[in-house]
Amino acid sequence: MLSEKMADALNGQVNKEMYSAYLYMSMSAYSTYTGLKGFANWFMVQYQEEMTHTMKIYDYLNAQGAQVKLAAIAQPPTEFVSPLDMFEKTLEHEKFVTKSINELVDLAIQENDHATNIFLQWFVTEQIEEEGNDTEIISELKLIGEDGRGLLMLDRELAQRVFVPPAASSE
Ligand code: FEO
């Protein structure tokens, strides 16, 4: 049984995860438009991951007998300066999501809500991986600078990313 405050906060996180999906879908579309198919693939896989994050919380609310309440999703940016700009915005957004997850854990601890605290640990770990991936790609993009060949090589590497559905992953 969740408190109303906890259920509201988790519903807020559903919205943030949906926005994350929407943001990366927008970055995927922009990448396709600018001819970077590998970047487009990477962001589309990220979009799929965000949808699984959304559904994890959705299913948890349902399993706890709380009401899922969907809210409007904000419009994501549609124009980006460069691939580096997209990844810097991605990292900035993920730091915001990490902060939000940490606040949810704080609330669960305050309320002695052990079930929600345990549920949220998966997200705590996931955020380490997400920020790490973004930081790595930002470093590569900074090394590449204005080198078109380097950018194409990274584009080919990002084209290899494959979405692994949660049931088949090690969660
Ligand atoms: Fe759902 Fe990118 O964290």
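Look up: the structure comes first, before these words.
Here the structure is a predicted model, which means the values were calculated and not measured.

Asks: Any chance you could explain the environment of Glu-92 here in plain terms?
Replies: Looking at the secondary structure, you find Glu-92 in helix α3 (residues 83-110). For Glu-92, a relative accessible area of 58% corresponds to the exposed category. A C-alpha to C-alpha distance of 29 Å links Glu-92 and Ala-115, two positions 23 residues apart in sequence.

Asks: Where do I start with helix α4 (residues 114-144) in this structure?
Replies: Helix length check: α4 (31 residues) gives 46 Å between terminal C-alpha atoms against 45 Å at 1.5 Å per residue, within 8%. By the largest-angle criterion, Leu-120 marks the main kink of α4, which is about 25°. Burial in α4 covers these residues: Thr-116, Phe-119, Leu-120, Phe-123, Glu-126, Gln-127, Glu-130, Asp-134, Ile-137, Ile-138, Leu-141 and Ile-144. The inward-facing, buried residues of α4 contact α1 (4-33), α2 (37-63), α3 and α5 (148-158). Positive phi appears at Gly-145, one or two residues downstream of α4, with a value of about 55°.

Asks: How do you make sense of unusual backbone geometry when you look at a structure like this?
Replies: The phi torsion of most residues other than glycine is negative, and most of the peptide bonds are trans. Of note, the phi angle at Asn-112 is positive, near 55°, even though the residue is not glycine. Topologically, Asn-112 is positioned in the loop between α3 and α4. Residue classification places Asn-112 among the exposed positions, given a relative accessible area of 58%.

Asks: Explanation requested: α1 in the structure shown.
Replies: Helical geometry note: an α-helix holds 3.6 residues per turn, so side chains three or four residues apart project in the same direction. Relative to the 44 Å expected for 30 residues at 1.5 Å per residue, α1 spans 43 Å between its end C-alpha atoms, a close match to the ideal helical length. Gly-35 occupies a position one or two residues after α1 and carries a positive phi of about 85°.

Asks: In this structure, what is going on with the side chain of Gln-127? I would like to understand it.
Replies: Mapping Gln-127 onto the fold places it in helix α4. Using a relative accessible area of 3% as the deciding quantity, one classes Gln-127 as buried. Among the polar contacts listed, one links the side chain of Gln-127 to the side chain of Glu-94, at a separation of 3.0 Å. Once residues lying within four places of it in the same chain are set aside, the contact partners of Gln-127 are Glu-94, Val-97, Thr-98 and Ile-101.

Asks: Explain the environment of Val-105 to me, please; I cannot follow it from the model alone.
Replies: Tracing the backbone shows Val-105 in helix α3. Using a relative accessible area of 11% as the deciding quantity, one classes Val-105 as buried. Apart from residues no more than four positions distant in its own chain, Val-105 is found in contact with Asn-117, Leu-120, Gln-121 and Val-124.

The rules we used
Residues numbered from 1 in each chain as written. Predicted model: local features only at pLDDT ≥ 70, side-chain atom pairs only at ≥ 80, totals over all residues. Heavy atoms only, no water. Helix = DSSP H or I, 4+ residues; strand = E, 2+ residues; numbered from the N terminus. Buried < 20%, exposed > 50% of the residue type's maximum accessible area, 1.4 Å probe, protein only. Expected span 1.5 Å × (residues − 1). Bend = angle between axes of the 7 residues up to and from the residue. Contact = heavy atoms within 4.5 Å. Polar contact = N/O pair within 3.5 Å; in protein donor to acceptor, adjacent residues only side chain to side chain.

Distances and angles like these do not, on their own, reveal function.
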